[in-house]
Amino acid sequence: MRFAIGDAVVDVIVDIDDFRLPLLGFLPGLDVAGLLVHRDVLEPEFLDLAASMLKVAIQSFVIRLNGRTILVDTCVGEAKARPDLPEFHQRRATGFLRRLDAAGVKPEQVDTVFCTHLHVDHVGWNTQRTDGRWVPTFPNARHLFGRLELADWMAQRAGGTIQPLHLASLEDSVIPIVEAGLVDLVDDATELAPGVVLTRLPGHTPGQMGLHIDRGDSRAIFCGDAIHSPAQVFQPHISTSVCVDRQRAATTRRAILEEATENGRVVVPAHFRGRRGCQIRRHGGGFEPILIDAPV
């Protein structure tokens, strides 16, 4: 899928198109009955209500503008030990790099990799296994990690409080990039190009960041895991079970929705399937997503 944000061209590179999670296990407190009126919006792309499952995609976004090639998030990767997540464990021949090539991008052409946060499904293709070592997949790219995000994960590692899944991901997909000297630590309001600015989106993780793009009359935000599902647009107070600060995540999400409504900004979450982005409009006392095939 390809779409435009003004003069910026965006390609969606899918790693896993239909990854399923238990609906109430992942979105505790969700008013499922209250979603029935929105069933035509949510099914079949995003929910399987009969099975009580959430359906998400795991994907990257390639943004090309002014000669720059920016890759947002790098999905799950291959050959990585993830025994706690069988769907992610020791994957082979996934076709991710082939799909990237089909979009006209070779790994060495990527000049910037921006990881919205450092969860396992956002950093996996940072590295590949070569001659027994984890080496950068995108050797010519500066990798942008939130300063607070990396510091938090490294502190958990040093203190022995990090979960095994996240420790494995840190050691095979993040630390090799740091050791290769390819990381730039970034903060709120860092500008990558005119009209392309990073913004803090805390709550899901302490240092999660998003990417605002304002090009001409077109506006969008790549908001990572601040929103996982359109169900959270209808019920923005509902955060995921893996958010480190659910209340702050809800505050961040509502701020995104308010700003998108006021400024006509298209919201592009990391995990929307099918129609990858949406406009936001007010509905009663809340919000509703207007899903669009070509987000801008």
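This text goes with the structure placed above it.
Note that this is a predicted model, so its numbers are computed, not measured. (Residues numbered from 1 in each chain as written. Predicted model: local features only at pLDDT ≥ 70, side-chain atom pairs only at ≥ 80, totals over all residues. Heavy atoms only, no water.)

Details of the state of the cysteines
Consideration 1: Inspection of every chain in the model, using the stated rule, returns 0 disulfides.
Consideration 2: As a non-bridged cysteine, Cys-223 has Cys-278 as the owner of its nearest cysteine sulfur, 8.1 Å distant. (Disulfide = S-S within 2.5 Å.)

Digging into the pattern of salt bridges
Consideration 1: Evaluated as defined, the whole model comprises 21 salt bridges.
Consideration 2: Across the pair Asp-214 and Arg-219 runs a salt bridge whose closest N-O atoms are separated by 3.6 Å.
Consideration 3: Sharing partners across several salt bridges, the network here consists of Asp-214, Arg-219, Glu-259 and Arg-265. (Salt bridge = Lys/Arg side-chain N within 4 Å of Asp/Glu carboxyl O.)

Considering the side chain of His-38
Consideration 1: For His-38, the location among the structural elements is in the loop between α2 (32-35) and α3 (39-42).
Consideration 2: Non-local contacts of His-38, meaning those with residues more than four positions away in its chain, are made with Phe-234 and His-283. (Helix = DSSP H or I, 4+ residues; strand = E, 2+ residues; numbered from the N terminus. Contact = heavy atoms within 4.5 Å.)

Let's talk about the environment of Pro-230
Consideration 1: Note that Pro-230 resides in the loop between β14 (218-222) and α7 (231-234).
Consideration 2: Separated by 82 residues in sequence, Pro-230 and Leu-148 have C-alpha atoms that sit 28 Å apart.
Consideration 3: Contact partners of Pro-230, with chain neighbours within four places excluded, come to Leu-42, Phe-46, Phe-272 and Pro-289.

Overview of helix α8 (residues 246-263)
Consideration 1: Between its first and last C-alpha, α8 extends 26 Å over 18 residues, near the 26 Å set by a 1.5 Å rise per residue.
Consideration 2: Three or more residues of α8 are buried, namely Ala-249, Ala-250, Thr-252, Arg-253, Ile-256, Leu-257 and Ala-260. For α8, the buried positions fall inside an angular range of 160° around the axis, keeping them on one side. Exposed and oriented more than 90 degrees from the buried face of α8 are Gln-247, Thr-251 and Glu-262.
Consideration 3: Buried residues along α8 sit in contact with β14, α7, β15 (266-268), β16 (277-283) and β17 (286-292). (Expected span 1.5 Å × (residues − 1). Buried < 20%, exposed > 50% of the residue type's maximum accessible area, 1.4 Å probe, protein only. Arc of directions from axis to C-beta.)

So, helix α6 (residues 164-179)
Since the α-helix packs 3.6 residues into each turn, any two residues three or four apart lie on the same face.
Consideration 1: Relative to the 22 Å expected for 16 residues at 1.5 Å per residue, α6 spans 21 Å between its end C-alpha atoms, a close match to the ideal helical length.
Consideration 2: Along α6, the helix axis deviates most sharply at Leu-170, where the bend reaches about 40°.
Consideration 3: Taken as a whole, α6 has its buried residues at Leu-165, His-166, Ser-169, Leu-170, Asp-172, Ser-173, Val-174, Ile-175, Pro-176 and Ile-177.
Consideration 4: Contact partners of the buried residues in α6: β7 (127-130), β8 (133-136), β9 (142-146), α5 (147-159) and β10 (183-186).
Consideration 5: The first or second residue beyond α6 is Gly-181, which carries a positive phi of 75°. (Bend = angle between axes of the 7 residues up to and from the residue.)

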